[in-house]
Amino acid sequence: SEGLLSCILTISWFWLIGAVLLTKLPDFCHYVLGANTTVFALFLALFSIGIALGSLLVNKILNGHITLAWVPAAMLVFTWFTFDLYWAAGETKRQETLLTLTEFFTYINHWRIAIDLFLLGFSGGLFTVPLYTYMQIASPPDARARTIAANNIYNSLFMVIGTGMVMLLLHLNSSIRGVFLLFSILNGV
């Protein structure tokens with residue numbers, strides 16, 4: 001059905017954005033923030049914990065009801081924190097050596113970046129759980145496995161497209177921050 005296809009495309013768009021953010025996060029940490037791999041590892045943990053907590057909260061909020069009412073708001077919040085990540089990173093100053101985890105958090109603006117990443121994950125959890133639930137419930141029982149398989153194929157395709165777009169943007173000399181800004185704008189649209 002048309003609603004089911006829209007749901008699958010929306011989930012796949014989320015995976016495209018997520019793939020772009022997570023594949024550029026190591027470079028973002030190193031080249032933009034001047035931070036070492038422990039900061040990157042913490043960022044991954046914050047993002048993952050955010051997704052888990054957002055998923056748990058939306059389950060509690062919806063209390064077993066199946067509705068997509070929260071999805072647009074969650075995506076707007078996701079868009080805002082992606083934009084704020086771009087904005088906050090513009091206020092960082094590069095050091096001669098890579099910052100350790102302890103050194104990184106001596107700057108107040110770096111706390112903002114960490115909170116942005118956590119809230120990106122959190123809003124992602126709020127966003128995806130209702131969509132996945134709807135996809136499973138809306139698909140006919142005899143076609144449910146095929147629907148989930150189709151969703152996985154679309155997710156993979158969108159992640160490849162996102163990676164290709166990033167490669168093109170970097171080839172055109174876009175900055176990592178610029179990539180984040182562009183995908184924030186596209187997400188808002």
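Nothing here was measured: the structure is a model prediction, and the numbers come from that model. (Residues numbered from 1 in each chain as written. Predicted model: local features only at pLDDT ≥ 70, side-chain atom pairs only at ≥ 80, totals over all residues. Heavy atoms only, no water.)

## Side note on the overall build of the protein
For the protein, the count of helices and strands is seven helices and zero strands. Counted from the first residue to the last, the protein has its helices and strands arranged as α-α-α-α-α-α-α. The C-alpha atoms of the protein give 18 Å as radius of gyration, which agrees with the globular expectation for 189 residues (16 Å, within 12%). Along the first, second and third principal axes, the C-alpha atoms of the protein reach 60 × 40 × 25 Å. Each of the 189 residues in the protein was classed as buried or not, and the buried ones make up 40%. Contacts spanning at least 24 positions in sequence make up 81% of the contacts within the protein whose residues lie at least 6 apart. (Helix = DSSP H or I, 4+ residues; strand = E, 2+ residues; numbered from the N terminus. Rg over C-alpha atoms; globule rule 2.2 N^0.38 Å. Buried < 20%, exposed > 50% of the residue type's maximum accessible area, 1.4 Å probe, protein only. Contact = heavy atoms within 4.5 Å.)

## A short note on the nonpolar core
Note that soluble globular proteins tend to have their nonpolar side chains buried in a common cluster. Counting residues in each nonpolar core, the largest one holds 46 residues, and the members touching the most others are Phe28, Leu33, Phe43, Phe104, Ile113, Leu120 and Phe183. Counting residues per element, the ones that place at least two in this core are α1 (2-32), α2 (37-62), α3 (71-89), α5 (108-138), α6 (144-171) and α7 (176-188). Of the residues forming this core, the biggest block, 13 residues, is contributed by α1. (Core = buried A, V, L, I, M, F, W, Y, C linked by side-chain atoms within 4.5 Å.)

## A word on the side chain of Thr82
The topology assignment puts Thr82 in helix α3. A relative accessible area of 2% means that Thr82 is categorised as buried. In contact with Thr82, other than residues within four places in its own chain, are Leu21, Leu120, Phe180 and Ser184.

## Comments concerning unusual backbone geometry
Even without being a glycine, Asn63 presents a positive backbone phi close to 50°. On the secondary structure map, Asn63 appears in the loop between α2 and α3. Its identity as a non-glycine residue notwithstanding, Asn173 has a phi of 70°, on the positive side. Relative to the helices and strands, Asn173 is located in the loop between α6 and α7.

## Considering α3
When the terminal C-alpha atoms of α3 are compared, their 27 Å separation across 19 residues agrees well with the 27 Å that a helix rising 1.5 Å per residue should span. Taken residue by residue, α3 has Val71, Ala74, Met75, Phe78, Thr79, Phe81, Thr82, Asp84, Leu85, Ala88 and Ala89 as its buried positions. (Expected span 1.5 Å × (residues − 1).)

## Focus on the packing of α5 against α6
Look at α5 against α6: their axes get within 9 Å of each other, and the N-to-C directions meet at 140°. Only Arg144, Thr147, Ile148, Asn151 and Asn155 of α6 make contact with α5, whose side of the interface consists of Tyr132, Met135, Gln136 and Ile137. For the contact of α5 with α6, the per-class residue count stands at four nonpolar, four polar and one charged. (Axes fitted to C-alpha atoms, helices over the stretch in contact; angles between N-to-C directions. Nonpolar A, V, L, I, M, F, W, Y, C, P; charged D, E, K, R; others polar.)

## Thoughts on the pattern of salt bridges
Under the definition given, this model contains two salt bridges. A salt bridge links Lys24 to Asp27; the nearest nitrogen and oxygen atoms lie 2.6 Å apart. With a gap of three residues between them, Lys24 and Asp27 both fall in helix α1, about one helical turn apart. Under the relative-accessibility criterion, Lys24 is labelled buried at 9%. (Salt bridge = Lys/Arg side-chain N within 4 Å of Asp/Glu carboxyl O.)

## Things to note about a nonpolar patch on the surface
Where nonpolar side chains cluster on the molecular surface, the patch consists of Leu5, Leu9, Tyr154, Leu157 and Ile161 and spans about 390 Å² of accessible area. Within the residue set of the nonpolar patch, elements represented by two or more residues are α1 and α6. For the nonpolar patch, the element with the highest residue contribution is α6, accounting for three residues. Looking at where Ile161 falls in the secondary structure, it is placed in helix α6. (Patch = residues over 30% accessible without salt bridge, like charges linked within 9 Å, V, L, I, M, F, W, Y side chains within 5 Å. Areas by Shrake-Rupley, 256 points an atom, 1.4 Å probe, with all protein chains shown as cover.)

## Thoughts on the packing of α1 against α3
Put simply, α1 and α3 touch, their axes get as near as 13 Å, and they point 20° apart. It follows from the interaxial angle that α1 and α3 lie roughly parallel. Two packed elements cross with a definite hand, and for α1 against α3 that hand is left-handed. In this structure, α1 uses Trp13, Phe14, Ile17, Leu21, Phe28 and Val32 to contact α3, whose residues at the interface are Met75, Phe78, Thr82, Leu85 and Ala89. Considered class by class, the residues forming the contact of α1 with α3 number 10 nonpolar, one polar and no charged. (Parallel < 35°, antiparallel > 145°, perpendicular 65-115°, else oblique. Left-handed = near helix turned anticlockwise from the far one by under 90°.)

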